[in-house]
Amino acid sequence: MEERTLLALVVFSSLVVLAETIAQKHAIEIYSLHVDCKVTSRFAHTIVTSKIVNRANESREATFEVELPKTAFITNFSMSIDGKVYPGIIKEKASAQKEYDTAVLRGQSAGLVKITGRKLEQFHMSVSIAAASKVTFELTYEELLKRQLGKFELLIKVRPKQLVKHFQIDVHIFEPQGIRVLETDSTFMTNELTEALTKVQNETKAHILFKPTVDQQKINPELDETLLNGDFVVRYDVKRGATAGDIQIINGYFVHYFAPHEMPVFPKNVIFLIDRSGSMAGRKIEQTRAALLKILQDLRPEDHFSFITFNSKVAEWRSSLLQATAENMANAAGFVQTLSASGGTDINRALLTAVSVLDKAERLPKSSVSMIILLTDGQPTSGESNVEVIQENIQKAVNGKYALFCLGFGFDVSYKFLEKMALSNGGIARRIYENADAALQLQGFYQEVATPILRKIEMQYPENAVEGLTKNNFKLFFEGSEIIVSGKISNELDLLPVEIKAQSHASDLTLKEEANVKEKEQVFQNQSYIFGNFIERLWAYLTIQQLLEKSISAQEEDQKTLEAQALELSLRYSFVTPLTSMVVTKPAGQQQTELANKPTEADNEKPSSFPVGASVKKLSSRYFGITSEDDLDAYRLRSGSPPVVRLRDKTRAQPLANEYPQLLLQLPKQNEIICLNTDGKAQPSVHLLSDPEQGLTVTGKLGDRINHFVQFEVIYVNPPVRIHVSTDEIVLSHDTESTRLPWTESATSTVQGLRVSVEKERSITASLSDTVTVKISFVKFPDDFLGLYFLNTDCFSDKVNGVLGQFYSKAHFENNAYINQRADERLLSVSGSEHKVTRQFKKDYRLESTSDPVSCWSIDLTP
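A quick note: this is a predicted structure, and the numbers were derived from the prediction, not measured.

**Here we look at the overall build of the chain**
Piece 1. On a plain count of helices and strands, the chain comes out with 15 helices and 49 strands.
Piece 2. Evaluated residue by residue, the chain yields a buried proportion of 53% over its 863 residues.
Piece 3. For the chain, the share of sequence-separated contacts (at least 6 apart) that also reach a separation of at least 24 residues comes to 66%.
Piece 4. Approximately 39,500 Å² of the chain is accessible, and the part contributed by carbon and sulfur atoms is 47%.

Below is the structure:
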């Protein structure tokens, strides 16, 4: 009886604890969350209202979190607690910071806005509310939607973190040009939630309503957990005629949208400038390879292209640009797949080399567009390291002739440096986030600039009747984007004429349009859900953005003038920009002052371990008592970090690389290259690799006079094909037929999906869908020999074997196994046996340039 009573008490206690836990979890209840967005001619005005009640019997903290687009400016925030309103006040940043610093000294602090991803930043506010009290948070932000790849995108982040009784998203769109296409997308939508989504659309208007019930929000009926966690996206485009664009006018301000389409595309001359320094190793270089392979497929036959790679050294894939023929594209794909990473970062010399290649280029299409696309993940550490000198050098070299686009991979780059360099040379900068979709980000950027259809665009308006004109001259226009110009017109103007001059691939263009001011203003009359002065606010938004962008590449005095103009507009129109801050004062008795700043992309970077331009030696000595690079390696070993592998600048001693290895491979999923030598001369043939699941076998024969391979046999099961490769010729055998392919000319042969491509006197590539790609380089100096390597090695199965094959399934480094704490020796386990390997520099037969050594772990094996 006592045991049953005790058991009952335990169960009752557990239920009480569980009930209390559930009550604690839902003590702060969001009972209403409403996102109301009005889009008028691309300009979006969004209000997020959250109503919260404290159902606990004591004070609790209520939190309001909103993720908003980076391109948006916050314009208002308020919180209402028990009928009293606490508004946010927008001030000059320096003044607000002073007020905030004073609060910090009193122990009252917390920044309100931070970047949370490549498209979003988060506004966060917490406030303590009494038992049974309610608080209403309201945040307003505005943005001008940008047309990319033919569509405008409105992104709303949905993450209430609990079930909400009254949840609603309203999106109203009004586009006087007419809505051509409208679609919604969501990362969390289910069949049940789809029933809560409605779309109503006519010629010029659309209303999207998403209003799920509590039951529809649940992950399943048994759990009080919400499905609503992700992106809610609205995409649309407008109708366009073959005119000089569309002009809209209201309250004395105009906006002019121009997006021609179905025009001939300029041929491109593109240099892909790829950072392959040590920090790009691993996932970054893999994603870069994947993206470049896709980008190559998107080149048009009339385009010309080349690759320049750089670390401490700069290497040109070809001495001039090549046309995007099938043969050149196949050769380029083979080159891309060999990209590996090591060494420092000489951005200055790499960019100057790219400009020089374009300057010297011959036989390019007369009417074409030349551009450099730079991808780097770090700061200049080799050669010239002063970023201001680099910017000056590049601007002087480019001299307005080409467009420079800078892509910063990850958060170790100096985004300000890249952005200033791009904007100073007719391009833009973009950060590539180190996510699983980094390759897609790279491809997406290329697609935005892949189709230039106009250049030297001038949008002309009457000078005496228009003031405050935003940017009206544009170097390039790409298919799928849009040019926007805005300004203020005089009261006396009845007709607003516009003239557009531009160069297309076919001819010079002149387009003219004339807008009747009164007729245009009538379009926006009686539109109940349109916020009144939207064109004026659009003009202010666009002007501020362009002033800030212009200030990035301006001289110091001009920069101050531009920022002063942007600040005046930010305060006048109540925008939280990088020059202003919103001060929020909480109720008495709480941490009273909070500050909302507008973060920039550059604010999102990791602090640099070593400032740009500083030497490793100086900083190491200063911070760690390290006075030599050997000391630095020893320090890194003690701290559990691998040693630094250095490729010296030309001004310093070069690593010795007098010989080629017999075989080169990169360990799967590891940023380590193996140089392998075998003693196989006693055997007529060396069994290098077999993979029964891939149906692939490779054998090789060493030369009689040289210790390198002079012959390979590549055998496929399906299709049944044997490829005999020697330094004399290539023989392709299938069934009873044989085809001879000489090294003296480029050729391609395909047998049942197996593609065999010969690049004249350079290499042969055998590729088959979903199978490892085999590539063999033909090296002519000092003696003719062949170099084997594999691409797409993640296709190998666990059953791969052979002298070379075992490294793809049964090889790994022992953790931190540096022999005698030496940075140049490690233990490598291969098929259960341990081997001492040494760090050496070898010539890389995968590359055309023999002057660039590869850093690898060298091992000798006997078959």
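The discussion continues.
**Digging into the state of the cysteines**
Piece 1. All chains considered together, the criterion is met by one disulfide.
Piece 2. The side chain of C675 participates in a disulfide bridge whose partner is C856; the two sulfur atoms lie 2.0 Å from each other. Taking the sign of the S-S torsion, -105° for the link of C675 and C856, the bridge is left-handed. In this pair, C675 sits in strand β34 (residues 673-678) while C856 sits in strand β49 (residues 854-861), placing the two residues 181 residues apart along the sequence. The two residues C675 and C856 agree in class, both being buried.

**Let's talk about the packing of aromatic side chains**
Piece 1. Scanning the entire structure with this criterion turns up 34 aromatic pairs.
Piece 2. Ring geometry for W539 versus Y573: centroids 6.4 Å apart, planes at 75°, classification edge-to-face. Of the two residues, W539 sits in helix α12 (residues 534-552) while Y573 sits in the loop between α13 (556-572) and β31 (580-585), which places them 34 residues apart along the sequence.
Piece 3. Residue classification places W539 among the buried residues on the basis of a relative accessible area of 9%.
Piece 4. By the ring-pair criterion, three or more aromatic residues cluster together here, those being F272, F305, F307, W317, F335 and Y446.
Piece 5. The positively charged end of R42 is found above the aromatic ring belonging to Y257, 3.7 Å away from the centroid.
Piece 6. Taking NZ or CZ as reference, R826 lies 4.3 Å from the ring centre of F813, over its face.

**Looking at the pairing of strand β29 (residues 495-503)**
Along a regular strand, successive side chains alternate from one face of the sheet to the other.
Piece 1. Sheet topology note: the strand β25 (residues 452-460)/β29 ladder contains four bridges and is antiparallel. Note on β29: the bridge partner recorded for R455 is Q503.
Piece 2. Here β29 folds back onto strand β30 (residues 508-516) in antiparallel fashion, the turn holding four residues.

**Focus on the side chain of K38**
Piece 1. With respect to the helices, strands and loops of the structure, K38 is situated in strand β1 (residues 28-40).
Piece 2. Within polar-contact distance, the side chain of K38 engages the side chain of D36 at 2.9 Å.

**Considering the confidence of the model for the chain**
Piece 1. Summary statistics for the chain give a mean pLDDT of 83 and a share of 84% for residues scoring 70 or more.
Piece 2. Between residues 106-110, whose pLDDT stays under 50, and residues either more than four places distant or in other chains, the model counts 14 contacts.

**Examining the environment of P267**
Piece 1. The residue P267 is located in the loop between β17 (253-258) and β18 (268-275) in this model.
Piece 2. Taking the C-alpha atoms as reference points, P267 and P452, 185 residues apart in sequence, are found 8.1 Å from one another.
Piece 3. Among all residues touching P267, those that are not within four sequence positions of it are E302, D303, P365, S367, S368, V369 and H505.

**Comments concerning helix α6 (residues 326-336)**
Piece 1. Where α6 is concerned, the buried positions are N328, M329, N331, A332, G334, F335 and V336.
Piece 2. Summarising the contacts, the buried residues of α6 are in contact with α5 (283-298), β19 (304-310), β21 (322-323), β42 (754-759) and β44 (773-779).

**Some words on the sheet that holds β25**
Piece 1. Spatially, β27-β25-β29-β30 is the arrangement adopted by the four strands of the open sheet, whose pairing is antiparallel. The outermost strands of the open sheet, each flanked by one partner alone, are β27 (473-478) and β30. Averaged over neighbouring strand pairs, the angle between their axes works out to 25° when direction is ignored.

**A few points about the sheet that holds strand β37 (residues 709-716)**
Piece 1. Spatially, the six strands line up as an open sheet ordered β35-β36-β37-β38-β39-β40, and their pairing is antiparallel. Because the sheet does not close on itself, it has two edges, and the strands there are β35 (686-691) and β40 (737-742). On average, each strand axis in the sheet is tilted by 15° relative to the strand beside it, whichever way the strands run.
Piece 2. By the bridge criterion, five bridges tie β35 to strand β36 (residues 696-702) in an arrangement that is antiparallel. Note on β36: the bridge partner recorded for V686 is G700.

**Some points on α13**
Piece 1. Along its 17 residues, α13 runs 24 Å from first to last C-alpha, staying within 8% of the 24 Å computed at 1.5 Å per residue.
Piece 2. Those residues of α13 that sit buried are L562, A566, L567, L569 and S570. Down the axis of α13, the sector holding all buried residues measures 165°, keeping them to one side.
Piece 3. In this fold, the buried residues of α13 make contact with β5 (84-92), α12 and β31.
Piece 4. Once α13 ends, the next one or two residues include S574, with phi positive near 55°.

**What to know about the packing of α5 against α6**
Angle between the axes and distance between the axes: these two values describe a pair of packed helices.
Piece 1. The N-to-C vectors of α5 and α6 enclose an angle of 175°; their axes lie 9 Å apart at closest approach. Compared by their axis directions, α5 and α6 come out roughly antiparallel. Across the interface between the two elements, R289, L292, L293, L296 and Q297 of α5 pack against M329, A332, A333 and V336 of α6.
Piece 2. Within the contact of α5 with α6, the residues separate by chemical class into seven nonpolar, one polar and one charged.

**Re the nonpolar core**
Piece 1. Counting residues in each nonpolar core, the largest one holds 63 residues, and the members touching the most others are I723, L788, F790 and F807.
Piece 2. With six residues, the single largest contributor to this core is strand β45 (residues 785-791).
Piece 3. Apart from residues lying up to four places away in sequence, F807 is in contact with L665, L667, P668, I674, L676, L828, V830, I859 and L861.
Piece 4. By size, the runner-up hydrophobic cluster in this structure holds 56 residues, among which are I74, L154, I169 and V576.

**Observations regarding the pattern of salt bridges**
Piece 1. Summed over all chains, the structure comprises 40 salt bridges.
Piece 2. Of the charged contacts, one joins D303 and K268 as a salt bridge, the two residues approaching to 2.8 Å between their closest N and O atoms. In this pair, D303 sits in the loop between α5 and β19 while K268 sits in strand β18, placing the two residues 35 residues apart along the sequence.
Piece 3. Accessibility expressed as a relative area gives 0% for D303, which makes it buried.
Piece 4. Across the pair E568 and R572 runs a salt bridge whose closest N-O atoms are separated by 3.0 Å. With E568 and R572 both in helix α13 and four residues apart, the pair spans about one turn of that helix.
Piece 5. One connected set of salt bridges, linked through shared partners, spans R42, R147, E175, R180, D237, R240 and E482.

The rules behind each value
- Residues numbered from 1 in each chain as written.
- Predicted model: local features only at pLDDT ≥ 70, side-chain atom pairs only at ≥ 80, totals over all residues.
- Heavy atoms only, no water.
- Helix = DSSP H or I, 4+ residues; strand = E, 2+ residues; numbered from the N terminus.
- Buried < 20%, exposed > 50% of the residue type's maximum accessible area, 1.4 Å probe, protein only.
- Contact = heavy atoms within 4.5 Å.
- Areas by Shrake-Rupley, 256 points an atom, 1.4 Å probe, with all protein chains shown as cover.
- Disulfide = S-S within 2.5 Å.
- Phe/Tyr/Trp six-rings, centres within 6.5 Å; stacked < 30°, edge-to-face > 60°.
- Lys NZ or Arg CZ within 6 Å of the ring centre and 35° of its normal.
- Pairing = 2+ DSSP bridges.
- Polar contact = N/O pair within 3.5 Å; in protein donor to acceptor, adjacent residues only side chain to side chain.
- pLDDT = per-residue confidence, 0-100.
- Axes fitted to C-alpha atoms, helices over the stretch in contact; angles between N-to-C directions.
- Expected span 1.5 Å × (residues − 1).
- Arc of directions from axis to C-beta.
- Parallel < 35°, antiparallel > 145°, perpendicular 65-115°, else oblique.
- Nonpolar A, V, L, I, M, F, W, Y, C, P; charged D, E, K, R; others polar.
- Core = buried A, V, L, I, M, F, W, Y, C linked by side-chain atoms within 4.5 Å.
- Salt bridge = Lys/Arg side-chain N within 4 Å of Asp/Glu carboxyl O.

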